[in-house]
Amino acid sequence: MTQQRIPRSVERLAASVAELLDRDYPVRWITRQQARELVPDLRLAPHIEHIAHYPQEGHVFPALLISRLWGEARDLGARLRRPATVTGLFETADGVRIELSDGAAEADAVVIAAGRWTEALTAAAGHRIPMADPDAPGTATVGLLGYTNPLPARLDRVLTTPRLNVRPDGAGRLIVQGLDLDADADPAAPPAVDGQHAGELCRRLTDLLAGTEGARLESLRVGQRALPADGLTVAGFLGDSARIYTLATHSGITLGPLLGRLAAQELITGEPDDLLADFRPGRLIGRTRLPALQPARFAGQQ
């Protein structure tokens, strides 16, 4: 008699679930039948037995979120200046001066929330925060994202599997990603929407969900992630004057509402929030040698 080896994907999933349970995070094992009740069109291979469910997790439609947040900002008097490139950022005796390509502006405080352009802007302010290179092919900062045509598949949640990650994008469209395929992602050479990578993503999608037969990609993009050089969120003031605040994170969509609220609280009250204690920019300012971030190549590693 020989003992059957547990697949590595199962080992990784079990370790992830155990770690989350140890942190009192809501996660539970569910049966194949329960999985199909949640996702009626889910296709499960006969050998699939280990399925984790995160009952309190959801997903965000970025365009709708940004529309709502920008609308609320306008209601409160916010103004948008574009196109206008920031060419300089200087602290003054009374606040901050922002040099723009179309003029200048003065402010009591400035929040830098510029994604992968954070390093250049913080350097202009004299406190450079190193970011992982968003243009480096095949690294942790880049990935392939496929956007399908509208499909009659029933999916109202995020699916993470060893071969494909899938999430709704509205109007019947789905966003698909194969982490192993991200090794070929290159911002300078995006793959064809009807090429080899697109075909493979569509094949994997059809294997995973009923109702996706004949799926095609309307867009295949090379996503570029905003990653601080150590991979962790940056949130806090640059320097001691408490006038220039910086936010930089890979999780801008999911953490954005929380980080925005905490940043506004710290800016208005001057009181630091303990939730952000481990993510202050000071840990990175001045550092030049940091180990390369390891790219995610299997489910749950992101």
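The following refers to the structure shown. All values derive from a computational prediction rather than experimental measurement.

## Quick notes on a nonpolar patch on the surface
Phase 1: Taken together, the side chains of Ile66, Trp70 and Leu80 present a nonpolar region at the surface, about 290 Å² in accessible area.
Phase 2: Structurally, Ile66 can be placed in helix H3 (residues 62-75).

## A closer look at the pattern of salt bridges
For side chains of opposite charge, pairing can occur when their charged atoms come near one another.
Phase 1: The tally for this structure, following the rule as stated, stands at 19 salt bridges.
Phase 2: For Asp207, the salt bridge identified is with Arg163, shortest N-O distance 3.8 Å. Here the residue Asp207 occupies a position in helix H5 (residues 196-208), and Arg163 occupies one in the loop between strand E8 (159-160) and strand E9 (165-170), the gap between them amounting to 44 residues.
Phase 3: The exposure class assigned to Arg163 is partly exposed, which follows from its relative accessible area of 41%.
Phase 4: Here Arg283 makes a salt bridge to Asp230, at a shortest N to O gap of 2.7 Å. With a gap of 53 residues between them, Arg283 in the segment after helix H6 (252-269) and Asp230 in the loop between strand E11 (217-224) and strand E12 (234-237) connect regions that are remote in the sequence.
Phase 5: Looking at Asp230, the relative accessible area reads 24%, which means it is partly exposed.
Phase 6: Here the salt bridges share partners, and the residues they tie into one network are Arg163, Asp180, Glu200, Arg203, Arg204 and Asp207.

## What about the nonpolar core?
When a protein is soluble and globular, its nonpolar side chains tend to lie buried together.
Phase 1: With 27 residues, the main nonpolar core has Leu159, Val166, Leu205 and Leu209 as its most contacted residues.
Phase 2: Take this core: its biggest share by element is 5 residues, from H5.
Phase 3: Counting 17 residues, the second-largest nonpolar core is a separate cluster that includes Ala114, Ala125, Ala226 and Ile244.

## Side note on H3
Phase 1: End to end, H3 covers 20 Å across 14 residues, agreeing with the expected 20 Å (1.5 Å per residue, within 8%).
Phase 2: The positive-phi residue at the C-terminal boundary of H3 is Gly77, with phi of around 100°.

## Quick look at the environment of Ala226
Phase 1: Here Ala226 is to be found in the loop between E11 and E12.
Phase 2: Residue class for Ala226 comes out buried when judged on its relative accessible area of 13%.
Phase 3: When the C-alpha atoms of Ala226 and Ile175 are compared, they prove to be 19 Å apart, with 51 residues separating the residues in sequence.
Phase 4: Non-local contacts of Ala226, meaning those with residues more than four positions away in its chain, are made with Gly115, Arg116, Met131, Thr249 and His250.

## Regarding the layout of surface pockets
Rolled over the atoms, a probe as big as a water molecule pinpoints where empty space is left.
Phase 1: Space inside the second largest pocket adds up to approximately 250 Å³.
Phase 2: As for the second largest pocket, its lining consists of 18 residues, of which Ala132, Asp133, Pro291, Ala292 and Leu293 are closest to the centre.
Phase 3: Taken together, the residues of the lining of the second largest pocket break down into 11 nonpolar, 4 polar and 3 charged.

## Some points on unusual backbone geometry
Phase 1: Going from Arg82 to Pro83, the amide bond is cis rather than trans, its omega being -10°.
Phase 2: By secondary structure assignment, the location of Pro83 is in the loop between H3 and strand E3 (86-91).
Phase 3: Look at Ala171: it is not a glycine, yet its phi comes out positive at around 55°.
Phase 4: Take Ala171: its relative accessible area is 64%, and that puts it in the exposed class.

## Details of the sheet that holds strand E4 (residues 96-100)
Phase 1: Taking strand neighbours across the sheet as the criterion, the 3 strands line up as E3-E4-E5 in an open arrangement whose pairing is antiparallel. Where the open sheet ends on each side, the last strands, each with one partner, are E3 and strand E5 (103-107). Each neighbouring strand pair of the sheet contributes to a mean axis angle of 15°, computed without reference to strand direction.
Phase 2: Bridging between E4 and E5 involves 5 bridges; their strand directions are antiparallel. Residue pairing across strands places Val96 opposite Ala107, the latter belonging to E5.

Thresholds, definitions, all that
- Every residue gets a number counted from 1 within its own chain, in the order that chain's sequence is written.
- Only residues with pLDDT of 70 or above have their local features reported here, since the model is predicted, and side-chain atom pairs are shown and tallied only from 80 upward, although totals for entire chains, interfaces and linings are computed over all residues.
- No hydrogens and no water enter the side-chain calculation; it runs on all heavy atoms of the structure.
- Here, patches come from residues exposed beyond 30% relative accessible area and free of salt bridges, joined within 9 Å for like charges and within 5 Å for nonpolar side chains (Val, Leu, Ile, Met, Phe, Trp, Tyr).
- Shrake-Rupley sampling with a 1.4 Å probe provides the accessible areas, and residues are treated as covered by the protein chains on show and by no other component.
- Salt bridges are identified by distance alone: a Lys or Arg side-chain nitrogen within 4 Å of an Asp or Glu carboxyl oxygen.
- Secondary structure is summarised from DSSP: a helix means a run of H or I of at least four residues, a strand means a run of E of at least two, and numbering begins at the N terminus for each.
- Working definition: with a 1.4 Å probe on protein chains only, accessible area under 20% of the residue-type maximum means buried, over 50% means exposed, and in between means partly exposed.
- Grouping buried Ala, Val, Leu, Ile, Met, Phe, Trp, Tyr and Cys residues that are joined through side-chain atoms within 4.5 Å yields what is termed a nonpolar core.
- Each residue after the first adds 1.5 Å to the expected span of a helix.
- Any two residues whose heavy atoms approach within 4.5 Å are treated as being in contact.
- In this analysis the probe radius is 1.4 Å and the grid spacing 1 Å, with only protein atoms considered; a cavity is a set of points the probe fits into but cannot get out of, a pocket is an open set with protein on both sides within 12 Å along at least five of seven lines, and lining residues have an atom within 4 Å of a point.
- Grid points are joined across faces, edges and corners, and a volume is the space filled by probe spheres set on the points.
- Amino acids outside the nonpolar list (Ala, Val, Leu, Ile, Met, Phe, Trp, Tyr, Cys, Pro) and the charged list (Asp, Glu, Lys, Arg) are all regarded as polar, and Gly is one of them.
- DSSP bridges decide pairing: two strands pair if at least two such bridges lie between them.
- Axis lines are fitted through C-alpha atoms, for helices just across the contact stretch, and the angle between N-to-C directions can take any value from 0 to 180 degrees.

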